[in-house]
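Examination of the molecular architecture
Listed here are the chains, written in short residue letters.
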Amino acid sequence: MPGPTRRGFIVGTAALGGAAVIGHQVIADATPVEDAVVIPRGDARYEDLVLRRTSERFFPRPEHFRLPTTTQQVERAVQDAVRAGKRVTVRSGGHCYENFVGDAAEVVIDLSAMRQVTFDPRRGAFAIEPGASLWEVYQRLYLGWGVTIPGGQCGGVAAGGHIQGGGYGPLSRRLGSVVDYLHAVEVVVVDRSGRARTVVATREPDDENRDLWWAHTGGGGGNFGVVTRYWMRTPGATGDDPGHLLPKPPGVTLGATVAWSWRDTTEESFHRLLRNHGEWHERNSAPDSRGASVFSLLLINRRDTGADPGSFAMVSTVDGTLPDADRVLADHLAEVTDGVPGTVVVRPPHRLPWLAAVKAGSLSQSDESGMFKAKAAYLRKRFTDEQIGTAYSFLTSTDHHNERALLILVSYGGKVNTVAPDATASPQRDSVMKAVYTVTWTDPDGERSNLDWIRRWYAEMYRDTGGVPVPNSVNDGSYINYPDVDTADPEWNRSEIPWHALYYKDNYPRLQQVKARWDPRDVFHHALSIRVPR
C-alpha cells in the first residue's frame, strides 16, 4: 500500500534546545524552560489525542496529555508527574499492540512533536528524535545523505518505540537489526529520590552509563525512562563524512508478487507451499548465503466463508543492483512455488528506485487502524508438519466468522545472526523467520469471540510447548515489539516458562539490574515491563 505523504527532510545540525552536554549527562543552562503544551480533559484537542493510536481497542484517557518539543520539557513533565504522585506513561507513534500507554495512566507524555532527523557532527552520528515516523526517518536520511537504517515497513511507526524494542525490516537480512547501529541514547530517568534528570548513554566500552545504552538495544519501551534522542552510526565507522557513517541502501529494489486463490488451494498444496517456503529460509538465511539479499512476506488471509473465498500472496524483494539479482529472485520464486498448483503472478519482476519502493510497501497509520489482537513468534526452522496442519485448519475453519485474520511469515536472519545474543538486549540471533498472527474486527461486540479464536489458534500452534513458543529447535520465543499479555497469563501460557524468558531469554536478569539502577522506583511500568529485582 502507498505510504502517507510526509513533510520534507531536514538537513542540519541537531539542536540541543538550550542545553550543554558535559561528559555523559545533559545539563540545562540558566535559560528558563518553557513548559510542554498541556491538554486536559475538556480541551477540544483532547479527543484527537485519545484517537491518536493504532489499536482501536484501547482509548487512553489520562487527566491530561503533555506534548513536549524539547528534552527539557520532557524532564519537567516527568518531574511534575512524579512530584504529584501521578502515573505517567509515554508514547511516540501510538502503535503498541497492548494497552501499555493508556492503562491507568494519569499523565501521557506524547512525543509526536519531537520528530527531527539531523546529523550531529560533534558526536559523528545521526540524531533521531522519538516522534519521527519511520517514513520520515528513511526520507530524510536518504535524501539528505544517501544512508538509512534497516527499520520496518510500517511508515507510521515512530522511532521512539521501534528502535528500543530491537527494530528490523526488509534490509535486516543484509544489514542487521536497527539496534546494531545504535551509538547513543538520551533518556529522562528518575532516581531513587524522585529526581528526574537527563542522561546520555553510549556504546563506548568506558562509558559509565553503558548499561543504559545496552538496555535500549531491545529492552522495549516503557521500562527505564523516556527516550528523547537516539544517535545512530555504523559500529567501527571512521571519518567525518556523514555519507559513510550509516549504511547505504540499494539504489534499486527488484520485487515481484505471486498469489494463490483459496478456491484452488487444497490442504496438500498448502502444506507444500509452507514447507517450500520454510525450507528455502533454512537454506538461505546464513549471512553469506546467496539468498540473504531476498526479503519475503508471505501473507495468508483467512479463507472467506462467503461465495468468494479470497486469496493470499507473497511479496518478495531483492537488491536490484546485484549483478545476478534477476536470477536470485527467479530462483527464490521457483523454489517456493515448486509443485504448488494455482500459483498466479500478480506482479512480475519490476524495478523501483529504493525510496519509491519503501513508500510503495509502507503502511500509513490509517491503513493499520482497527480493533485487533496480534501474537508472534520467532522460527529457527520451518513450521513442523503438525503446525502447518493447525494453521490450515484455523485459516479454513467455518465454525467462526471474523472480518479479517492473517498469518504473516516474515524473512529474518542473515546479518542479524552475526551478533552475539548478549551483545544487545535482543537475544534472538539464530532465527530465520518471524511469524505474526493477527485478527481484526470492527464490531465492538465481536471482541470476546475474536480474542478467543486467536488465543485458541496460537495455543494449538504451540501445543507441544505449553501454548507459547518456548525456545527449542524450531521456536525461539517472541519479539517484544509485538507484545502479548497472554504470555503472562497461566490460562494461555501453560509452559511454566515465564513470559520474560520468551522475549529476553538469558538477558532478563541483566535487564533487571539496569532497571534497578535507572528506575528504582518503578516509575515506568506496564503489564510486560522489566521488573525491579526483589
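Not measured: the values here are computed from a predicted model.

On a plain count of helices and strands, the protein comes out with 14 helices and 18 strands. Rg of the C-alpha trace for the protein: 23 Å, near the compact-globule value of 24 Å for 534 residues, within the 12% margin. Its C-alpha atoms put the protein at 70 × 50 × 45 Å along the principal axes. Here the protein, with 534 residues, has 60% of them falling under the buried criterion. A separation threshold of at least 6 residues defines the contact pool for the protein, and within that pool the share at least 24 residues apart is 74%. A total accessible area of about 20500 Å² is found for the protein, and carbon and sulfur atoms account for 51% of it. A distance of 2 Å separates the average location of the 60 positive side-chain charges in the protein from that of its 64 negative side-chain charges.

Let us now look at the sheet that holds strand E6 (residues 107–110). Ordered in space as E3-E4-E6-E5, the four strands form an open sheet in which the pairing is mixed. Every interior strand has two partners, whereas the edge strands, strand E3 (37–40) and strand E5 (88–91), have only one. Strand-to-strand twist across the sheet, computed as the mean angle between neighbouring axes with direction ignored, equals 25 degrees. Looking at chain direction, E3 and strand E4 (residues 64–67) are connected through four bridges and run antiparallel. Directly across from Ile-39, in E4, lies its bridge partner Phe-65. Set on the sheet, helix H2 (residues 71–83) makes contact with E4, E5 and E6; between it and E4 the angle comes to about 155 degrees.

In this section: helix H14 (residues 508–518). Turning to H14, its buried residues number three or more, namely Tyr-508, Leu-511, Gln-512, Val-514, Lys-515 and Trp-518. Down the axis of H14, the buried side of the element spans an arc of 160 degrees, and every buried residue falls inside it. Against the buried residues of H14 lie strand E9 (182–190), strand E10 (196–202), helix H6 (210–215) and helix H13 (499–503).

This part is about the UniProt feature "domain: FAD-binding PCMH-type" (unreviewed entry) in the protein. The UniProt record marks residues 58–237 with the feature "domain: FAD-binding PCMH-type" (unreviewed entry), using the residue numbering of this structure. Structurally, residues 58–237 comprises 23% helix and 24% strand, and the distance from its first C-alpha atom to its last is 42 Å.

Another aspect to go through is the nonpolar core. If you look at soluble globular proteins, the nonpolar side chains tend to sit buried side by side. Formed by 52 residues in total, the largest nonpolar core has its most connected members in Leu-141, Ile-149, Leu-212 and Met-232. For this core, the element with the most residues is helix H3 (residues 134–145), which contributes six residues. The contacts of Ile-149, once residues within four sequence positions are left out, are Ile-128, Val-137, Tyr-138, Leu-141, Val-178, Met-232 and Leu-246. If you look at the next biggest cluster of nonpolar residues, it comprises 47 residues, including Leu-329, Ala-405, Leu-409 and Tyr-458.

Side chains of strand E7 (residues 117–120) alternate between two faces, with Val-117 and Phe-119 and Thr-118 and Asp-120 buried alike. With four bridges joining them, E7 and strand E8 (residues 125–128) adopt antiparallel strand pairing. Its bridge partner lying in E8, Phe-119 is registered against Phe-126. Between E7 and E8, which pair antiparallel and follow one another directly, the connecting turn spans four residues, one of which, Gly-124, has a positive phi of 65 degrees.

Turning next to unusual backbone geometry. Here the phi dihedral of Ala-104 falls at roughly 60 degrees; this positive angle occurs in a residue that is not glycine. For Ala-104, the location among the structural elements is in the loop between E5 and E6. What makes Ala-104 exposed here is its relative accessible area of 56%. Positive phi, close to 50 degrees, is recorded for Lys-505, a residue that is not glycine.

If you trace the backbone, Gly-466 turns up in the loop between helix H12 (447–461) and H13. On the basis of relative accessible area, Gly-466 is assigned to the buried category, the value being 14%. Sequence separation of Gly-466 and Glu-47 is 419 residues, and the distance between their C-alpha atoms is 41 Å. What Gly-466 contacts, discounting residues up to four positions off in sequence, is Trp-492, Asn-493, Arg-494 and Ser-495.

An order of E15-E12-E14-E13-E17-E18-E16 is seen for the seven strands of this open sheet, with the pairing classed as antiparallel. Either end of the sheet is taken by a strand with one partner, and the two such strands are strand E15 (344–353) and strand E16 (371–379). Between one strand axis and the next, the sheet turns through 15 degrees on average, direction left out of account. Where E16 meets strand E18 (residues 433–441), nine bridges bridge the pair, whose relative direction is antiparallel. Residue Met-371 lies in a different strand from E18, and its bridge partner there is Trp-441. Seen against the sheet, helix H8 (residues 325–337) touches strand E12 (252–261), strand E13 (295–301), strand E14 (311–319) and E15 and runs at an angle of roughly 150 degrees to E14.

Relative to the elements of secondary structure, Lys-415 occurs in the loop between strand E17 (404–411) and E18. In this structure the C-alpha to C-alpha distance between Lys-415 and Ser-172, which are 243 residues apart in sequence, comes to 6.8 Å. Excluding its chain neighbours within four sequence positions, the residues that come into contact with Lys-415 are Ser-172, Arg-173, Arg-174, Leu-175, Gly-176 and Pro-287.

Quick notes on the rules
- Residues numbered from 1 in each chain as written.
- Predicted model: local features only at pLDDT ≥ 70, side-chain atom pairs only at ≥ 80, totals over all residues.
- Heavy atoms only, no water.
- Helix = DSSP H or I, 4+ residues; strand = E, 2+ residues; numbered from the N terminus.
- Rg over C-alpha atoms; globule rule 2.2 N^0.38 Å.
- Buried < 20%, exposed > 50% of the residue type's maximum accessible area, 1.4 Å probe, protein only.
- Contact = heavy atoms within 4.5 Å.
- Areas by Shrake-Rupley, 256 points an atom, 1.4 Å probe, with all protein chains shown as cover.
- Lys, Arg positive; Asp, Glu negative; His and termini not counted.
- Charge placed at Lys NZ, Arg CZ, Asp CG, Glu CD.
- Pairing = 2+ DSSP bridges.
- Axes fitted to C-alpha atoms, helices over the stretch in contact; angles between N-to-C directions.
- Arc of directions from axis to C-beta.
- UniProt positions renumbered as here; feature names shortened; annotations may be inferred.
- Core = buried A, V, L, I, M, F, W, Y, C linked by side-chain atoms within 4.5 Å.

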